Structures are given as C-alpha cells and as structure tokens.
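Chain by chain, the residues run as shown.
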Amino acid sequence: MEQVEVPPFRYTAEMANRIEARWQDYWRQNGTFHAPNPVGPLADAQHPRYGAEKMFVLDMFPYPSGAGLHVGHPLGFIGTDVFARFNRMAGRNVLHTMGFDAFGLPAEQYAVQTGTHPRKTTEENIERYRAQLSMLGLGHDPRRSVATTDVEFYRWTQWIFLQIYNSWFDADQKKARPIAELEAQLAHLPASERRKIVDSKRLAYVSQAPVNWCPGLGTVLANEEVTADGRSERGNFPVFKRNLKQWMMRITAYADRLIDDLDVLDWPEPIKLMQRNWIGRSTGAYIDFSSIRVFTTRPDTVFGATYMVLAPEHAKVDELVADEWPDGTHAVWTGGHATPREAVAAYREFTASKSDVERQADAKEKTGVFIGAFAMNPVNGAHIPIFIADYVLAGYGTGAIMAVPGQDERDWEFAEVFELPIIRTVEPPASFDGKAYTGEGPAINSGFLDGMDIAQAKAAIIEWLEARGFGEGAVTYRLRDWLFSRQRYWGEPFPIVFDEHGNAIALPDSMLPVELPDVADFAPKTFDVNDADSEPETPLSRAKEWVEVELDLGDGPRVYRRETNVMPQWAGSCWYQLRYLDPTNEQHFVDPANEAYWVGPLSGKPSGGVDLYVGGVEHAVLHLLYARFWHKVLYDLGHVSSYEPYQRLYNQGYIQAYAYRDDRGAVVPAEEVVEEQPGIYVWNGQKVDREYGKMGKSLKNVVTPDEMCSQYGADTFRVYEMSMGPLDVSRPWDTRAVVGSQRFLQRVWRAVVDEHTGSTVVSGDPAPVEVKRLLHKTIAGVREDMAELRFNTAIAKLIELTNALTKLDGTPRDVAEPLVLMLAPFAPHIAEELWHRLGHAGSLTYVDFPQADPAMLVDATVTYPVQVNGKVRGRIEVAADAGEDAIRAAALDAVSIVDAKKVIVVPGRLVSVVA
RNA sequence: CCUGAUAUGGCGCAAUUGGAAGCGCGUCGGUCUUAGGAACCGAUGAUUGCAGGUUCGAGUCCUGCUAUCAGAACCA
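Residues numbered from 1 in each chain as written. Chains lettered and ligands numbered in written order. Predicted model: local features only at pLDDT ≥ 70, side-chain atom pairs only at ≥ 80, totals over all residues. Heavy atoms only, no water.

According to the stated counting rule, one finds 52 aromatic pairs in the structure shown. Members of the aromatic cluster, each reached through a chain of ring pairs, are Phe161, Tyr165, Phe169, Trp247, Tyr254, Trp482, Phe484, Phe494, Trp570, Tyr626, Phe629 and Trp630. If you follow Arg250 out to its NZ or CZ, it ends over the ring of Tyr205, 4.2 Å from the centre. (Phe/Tyr/Trp six-rings, centres within 6.5 Å; stacked < 30°, edge-to-face > 60°. Lys NZ or Arg CZ within 6 Å of the ring centre and 35° of its normal.)

Structural data, given as structure tokens:
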C-alpha cells in the first residue's frame, strides 16, 4: 500500500509534523502569545498589542482526567483558539490561556484507585494533558496557567472565602457589606448576643440542617449535585437526607440579582431558562389560615380554597392532629384508620418508604390523609379540612398550601379522589370543558373581587390581607443555600479554627495559606451505599497534629482546633478566570487596574466579564451559578469592577461516535468494523449492529488527538473539527472524512510550493478579476463568520476560494497571501510556514487580517433569472446600475411577452413575470 | 406530561430581508501512469420530515402532525 514515489515536498503527515514542531518551538521561544497587562510584571509596553482593545477568551476550566483526551475534548479549545487568533490579527489584545481544575472527587478517586497520593497523580495528569494539548498548537499564554491545587492559587481561594465569611447581606441595599459594619451597628449589645446575631447573618455560615448525605461517596453534596432521581451526579450512588452540621453559602440572598442580571448577559436562551427555573422565583402571598401560614402564587383564588394540605413532615402536624375523627368524617379521608394519629403515622411511614423515583412515578395518583382538624379561611370564615399529602413538599414555600381545585390541576385531582368540594373563582371561557382552569378570566364567587382580572384581584386581595393582618405579599424561591463543605481530603482547607467553646473563628489574612497537610491515609471513609444512618468522617480529622494548633489570634497563644472539612470542587472554578488576569500578583488576588482592563464594564456591556466563554451545557446550573454568586460578592465588597463573570457564553456541542455490537450484545472495536454495503456493518466476518453515543472506553470507539496528529497532522485535525458542523451542535466523528481536510490543505500548499522542488511558485501577475472578486467576497464572508463563531462556513468559503485558485495556471501572490492569512486561525502551522516561504520574516500572529474592498464586492453586471408564473424561463444580463424600467424591458424581451399582467423586479435578484 | 432545539443528495453541512437549492466527503468516469495514489479533469446524485395555508414566488413566514435529541420533574 505504500506509495512508491511521493514528491519530496508534498504536504504529507510527516511534513506537517515537522512544520508543526518547528513553529511551536518558535512560538514558545518568542513568547508569541504573551498578552500584555496594563500594570505589573506582565505589562510590556513594547508589545504590538499593548493598550489595544482587549479580548478575553476563556475555555471552561478543564479537569485533568487520568484517562487522557479523546478527539471530543479539544473541540471547544480549538474553537476558542481560532477565535483568539482571528482577533489578534484583527488588532485586539487577546488573553487566552488554560489552567486546571484539579481538586475534587474525581482526582481523589483516581488517586485512591491507583494507591498514590492525589498530588502526584494530579500533577502527572496535568503534565499529560498539557502534552496532548500542546500538539494542537493552541495559542495560550503559558505564564497565566494556574491549577486550583497550587498553594499560591488556593491561598486566594481561602482569602475569598474569608471575604464571604466576613460579610453579611444588607437586604435594604441589596448587597453584601463587611461584617464589621454590622458589628458596629450592634455595638450596644453584649458580646455573646452580638456574636449570635452576627454569625446568623454571615454569607458563609455553619448550620444544622437536612443535607444530602451520600454514604457511597462518604460525603455530603449540594442540591445541584443530586440528580432528579435522588442519586449522586458523580458515581450515581443513593443520596439520603440527614440532619448534619455543615458549612453553607447564603446564595439565596442573591436570588433576585442572579435572575435579573441574566437580562444583560449574552448567553444562550436555554441556559438562562435553566437558571431561572433552578432559582425558581415565584411571586404571590403568604396567607394565614388560623395558625397555618401558606404560600400561594394565586392569592386571588383564596375564595375557592376548600381544603388545606401540609407536607407530611410539617412541624405543625403533631400539634394539630386530633385525637378522634370528627363526626361525619368521610370514610375516604381516614385511610381506614381508627384515629387521626394512627392515620398520620401510617401515612408518614408510607411516604418515607417510597424512594424519590417511586414518588415521582406515583405522582399522578394523589394520596394523603385527613388529620382530623380544620382551619379557617380568613376571607370568608369557612372551616376547611386539613390534610397531609406528599404532593406538597416540605422544602418549598412554607410546606403548606391552600388547595384551590378550581384553578389548580393537582388540587383538582386530589379533590376528586377525596370527594372535596370544587369552587371556580375564575370564569373559564364558554368553550372550556376541562377540569381545573388556570387561564385568564374574570373573578367569580369571590366577594369583593368579582369581575376583576387576575392581576387586579391579586393586588386587591393582598392589600385586604395586609390591612387585616391575615397575610402579606411575598416572593419565594426554589433555590436553597449552597452546601459548601465536603468530607474529603483533596480540597481546599477552610481558613477557620474553633475555640474551646466550638465557636468558629476566621483566621486573619496573614495566616494564609492554610496548607493541606500531607497524610498517609487520604481515602475518605465510605460506607455501604445504602447505609443511610452512617456518619461522615473527614480524612483531615485523622491528622491530629494538624488539627490541634496553637495560635495567637489577638489574645495570646491558645490552642485551637482546625476545621477538617474541605471546600467543594466548585470553589476554585468560581474565580479562576480572575487569577488568569494577574497570576503572579502576591499582594492582591487581581490588581484592580488589570481587572478593569480585561473584564471591566464597557458601553453596551454594563456588567463587564469575559468576552467569550466556551464550554458544555452540563455546567448550566452548577459552576455558572456559583461563579456568578462569588463574583457578585466580590463586586459588592469593591474588589472587582464587573458584576458578572462571563459576558458572552457559548455552548459547544459534543463529538459523539458510533459503536458496534455483535449479536450477543458485546461491544466490538469500532475501528475494525467495515461497512460492506450501505447500512451493513461487518466485524471479523460477522454482521454487527451500529449504535450512536458518547466516545469512551466501554464502547471501544475512542479516537485520540494523538492518533490524528500523527496520521494527518495537527492542522488537518483542527480544520476537520472546525469544518464538521456548527460549533454548538453535536456531531458524529468519522475518521474516514478527515482526509478531505488534508486534501484541502494540500491544495493550498501546492498553490504556493512546488511539490518537486520545494520552491515558492507564486507569480507577481495580478489575479483575474473574477478571482479577485471571489477573494473579496470570501474575505467579507469569513470576517462575518468569525465574529459569529461560524467556523464551518468560513472554512467552506476558503475551500471554494482555493478550488478557484487551483484552476488557474499560476497562483497570483495577491490572492495567495490573503488566503494564507485567512487560513492562519484554523491551520496556524502551515499558514506560518507558507507565510515564511512567501518571503515574510517572523510570525503572522499580529499581521492584519485581510480587509475586503467594498468596490470589489459589487459586480459590474448582474445576471437576472426571469420567472414566468413562478418558473424560470430565461436569464438576462444587465449592468449593475441599470434602472428598473430597463431591467423590466430586457426581461420581457427575453421571454417574448408583451402583455404581462404584472412584473416584479427584485433589485439584484430576479424578475418575476405574471402572464 | 411539559419546555426547548433539530429535520435539506448516500454522509456531514450551506443558502443574507421570502427571490436561480449550493459546498465538502463519498460514488462513478476520464487524464497522467508499469502500477498505485491522499494528484489532476469531469460527472452522477434532492418532491428541503409529513399535510395544509399565505404569496407572482416558500428550505425560509403561518397552522397542524411525525421523528430524533436535550432539559425539567407535583415548586403551590
């Protein structure tokens, strides 16, 4: 199969690899991608882009996996690199680098599996990851790379934690303020009382509350890390609710700003929607039914409340439950139990026995039981029965609802099962024949509200309730405070110690960093995955000599006990992009001048933030919500000038791959499968079935960038990934198609370099005018595509231009040079090489990207198709500036029609004749 | 069940404000050639998911449906 004779200067994989190594060395030695800061050690007034318009391009913080990269991983990295390189050539000062999110569960689990210390495996993995990425020729500024596990990095993570801990949220000003200002306000109180109040207001606080305990991982988890069916996102272990003492972050204080500020961000709508849903703001009212406070979004329907429902766990249930069934209690209400107490106990046992999955599967069948007590509807004095039912959740609102079956589908279903009365309080349209009606309409059966529309009625009833002390307007959220501690080893230690009374004390900044101690046994204590009653045990608590520490915190040396929980993986990724801006600064986590330059607010972008942030959708509510929260705290405290971290967000798609199974269902290696006929796949002589999914070891369909680089070269690989389709759409990998991209680069190469002699073959003759026009059309189109990240269409245009070029006898320099420059963002190594062979010294990184000449974008003559009754019957060629009458006449002449009913001339497009 | 996205030659994708359905890969043929090839030249290939509607004109706008993918999970 080997070629007998390949021209010595053909652009083969070997040639590509030589060129790539040469230019990567050049970039490294010359610091080509160093981006100058305004101030500090990274400032460089000699840099061609010093002080220019800035552009901060960011990839989501990768976790350096021990498994290595497959071809799907670099997709976004290549996309940001293309964008960054284009913007450098377009005159901007571009900051692009990459660091590593190296703390956290996966790193620790990998270390436990391999029996080595997580620091060692993490550092090895980072090295391996860097080596794999460096082959691709990404234009990163290596001076700015950080890892969350660097002591100098997490020193500042701890510092930010202290900022948050030492703040409180002023609800009037709607912003965080230093805790010292609150202490000053409470100066009149005794110290112990003041401390209690202050501690209860901190943005980071310790609470004893129901949390997600995951015995299989041996740690607690944030709500965001638990899947809808009650399992851990990482590892898929069961998760149980346990009352435990844990660190929390008061993210709920920022719920409104986290929702409202989405409006100024350039993010995909689906992501904004997911954040809004997760925060789950609902406006309505609290209403008191006797001693029970409910939350409702529909206070206007209160006249239709015919019963109440409490969550089975509601604190008031035990107090309210009656000793005996009241006279005349419906049989269906009792669940067949002799007394309300028995019924309540039995129902609680029934709901506790159901897993979350079962609860959801059973959601359509309403269950519940009457507790034998009644409450009074404050608007009409009606005594309505109180039920407990699992369709009301303890964690939302007040854990109690007024049930209005007329306007709520769930309440209607419940009312049908328990034979409860139904009163409509909004008049449905005559055509409505459903059950609960949730649409617009005038109020009915509602006393003084009758006739009002929903909005009017809501306002009126809230005013009425407030005037009489029966309730108040209110806003509730689905968002809970963020559970911030983990019972693991591989994370940032808290800069917190406890005194002999168990009071938490923040360490002063001067005692940072608190270094993670080396321990022999870093494995977390894990339990049987279903052992809900197990107790978390932190690995750090075993490091006795570290935990017990003598410090002088102002009142002489005393012995304290260190906090032994660690921070969750999300901590470092909440602020890493700020450290990229000023990675060597030892005085500040980022210098204010550098922060203002790179991410400060600009006109049209009031929030400031990263100019382009590329990553997968899977971080929609975890990382992106936490990072926004931290950033806002830093903004409130005056540490940053931007109030959002990421101005423009772009979600890349995934590269997926086919996998094949034989008739026993066993996966066979995908690369050994051949397609004998369309749709018929064969492996080792046997027919196999094809399926589509993620790329991974278990499906035996992994293709690595290493293989692609050695078989085709990095530039071919980059061009292929970028030309496969729009960046935000998932697409299947197809190794056989990569060759198309290689042929394209070979054609470009051949246009400039003689394959046999290696000499440069461009001519000084001007290009034919039609090629010249195509060139300028291509420039204009590629520039537009670049701004919108439409790399696939940009490449398609370059291919068309190249194909037009290969048809010419010689390659004119005035086309070859702009083509090479436009190719550079996608295939930087070959472009640098060709640029060099075209006689230019140095790198093209900061050479101006070609500009289209507007005069070349309009043709001298225009060809119009002539349609008759919608069918093309002829074409005419007229001068581009011809008047409409002339075009009309020429068109009618061309199709030999004299008595057209109507003639439509679309300038520059076509002529349509209605005969 | 709800929400959102997508549907265009065999495959992957284009098509500006509604204005000539294109590109690349594959396939086929030819050139060069002892041969091979990732070289060169040329060609084949579409009822734009389905059914209606608006329009001189619809891939594009409107209505209804189907399929695939993703997300949400009784949030009062």
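Cis peptide bonds are those with omega within 30 degrees of zero, and the linkage from Leu512 to Pro513 qualifies with -5°. Within the fold, Pro513 resides in the loop between β17 (504-506) and α16 (544-547). Of note in the backbone geometry, Leu789 takes a positive phi value of approximately 60° without being a glycine. Turning to its location among the elements, Leu789 is positioned in the loop between α24 (769-787) and α25 (791-806). For Leu789, a relative accessible area of 2% gives the class buried. (Helix = DSSP H or I, 4+ residues; strand = E, 2+ residues; numbered from the N terminus. Buried < 20%, exposed > 50% of the residue type's maximum accessible area, 1.4 Å probe, protein only.)

Attention now goes to the domain arrangement of chain A. Along its sequence, chain A is organised into domain 1 (1-12 + 738-857), domain 2 (13-158 + 571-651), domain 3 (174-253 + 481-567), domain 4 (282-475) and domain 5 (859-914). Spacing between the C-alpha centres of domain 2 and domain 3 amounts to 28 Å. Counting residues at the interface gives 34 residues for domain 2 and 34 residues for domain 3. Carbon and sulfur atoms make up 70% of the area that domain 2 and domain 3 hide from each other, which totals about 2,900 Å². Note that Arg488 and Glu108 form a salt bridge whose closest N and O atoms lie 2.7 Å from each other. In this structure, the connection of domain 2 to domain 3 is made through 12 residue pairs in polar contact (both at pLDDT 80 or more). Of all elements in the fold, only α3 (105-114), α4 (118-134), α5 (151-165), α17 (570-573) and α20 (623-636) reach the threshold of two or more residues within the side of domain 2 that touches domain 3. No other element matches α3, which puts seven residues into the side of domain 2 that touches domain 3. (Domains from an automatic or database assignment. Contact = heavy atoms within 4.5 Å. Buried area = accessible area lost by both parts, 1.4 Å probe. Salt bridge = Lys/Arg side-chain N within 4 Å of Asp/Glu carboxyl O. Polar contact = N/O pair within 3.5 Å; in protein donor to acceptor, adjacent residues only side chain to side chain.)

What follows deals with the pairing of strand β7 (residues 240-249). Note that strand β5 (residues 204-214) and β7 share 10 bridges and pair antiparallel. Looking across to β7, one finds that Pro210 is bridged to Asn243. One ladder, built from two bridges, connects β7 with strand β15 (residues 482-483); its direction is antiparallel. Residue Met249 lies in a different strand from β15, and its bridge partner there is Trp482. (Pairing = 2+ DSSP bridges.)

This paragraph deals with the protein's contact with RNA strand B. Near RNA strand B lie 49 residues; those nearest to it are Thr297, Tyr396, Arg410, Arg743 and Arg875. Counting only the atoms of RNA strand B that lie within 4 Å of the protein, the sugar and phosphate share comes to 56%. Asn792 is positioned such that a nitrogen or oxygen atom in its side chain is 3.3 Å from a sugar or linking oxygen of RNA strand B. Elements that contribute at least two residues to the surface near RNA strand B include exactly α9 (269-279), β9 (292-296), α13 (356-361), α23 (738-752), α25, β30 (861-868), β32 (902-906) and β33 (910-914). Here the residues of the surface near RNA strand B sort into 20 nonpolar, 12 polar and 17 charged. (Near = heavy atom within 4 Å. Nonpolar A, V, L, I, M, F, W, Y, C, P; charged D, E, K, R; others polar.)

Turning to the packing of helix α2 (residues 74-89) against helix α22 (residues 714-723), a few remarks are in order. Running from N to C, α2 and α22 point in directions that differ by 95°, and their axes come no closer than 10 Å. One way to sum up the angle between α2 and α22 is to call them roughly perpendicular. In this structure, α2 uses Pro74, Leu75, Ile78, Gly79, Asp81, Val82 and Arg85 to contact α22, whose residues at the interface are Phe717, Arg718, Glu721 and Met722. (Axes fitted to C-alpha atoms, helices over the stretch in contact; angles between N-to-C directions. Parallel < 35°, antiparallel > 145°, perpendicular 65-115°, else oblique.)

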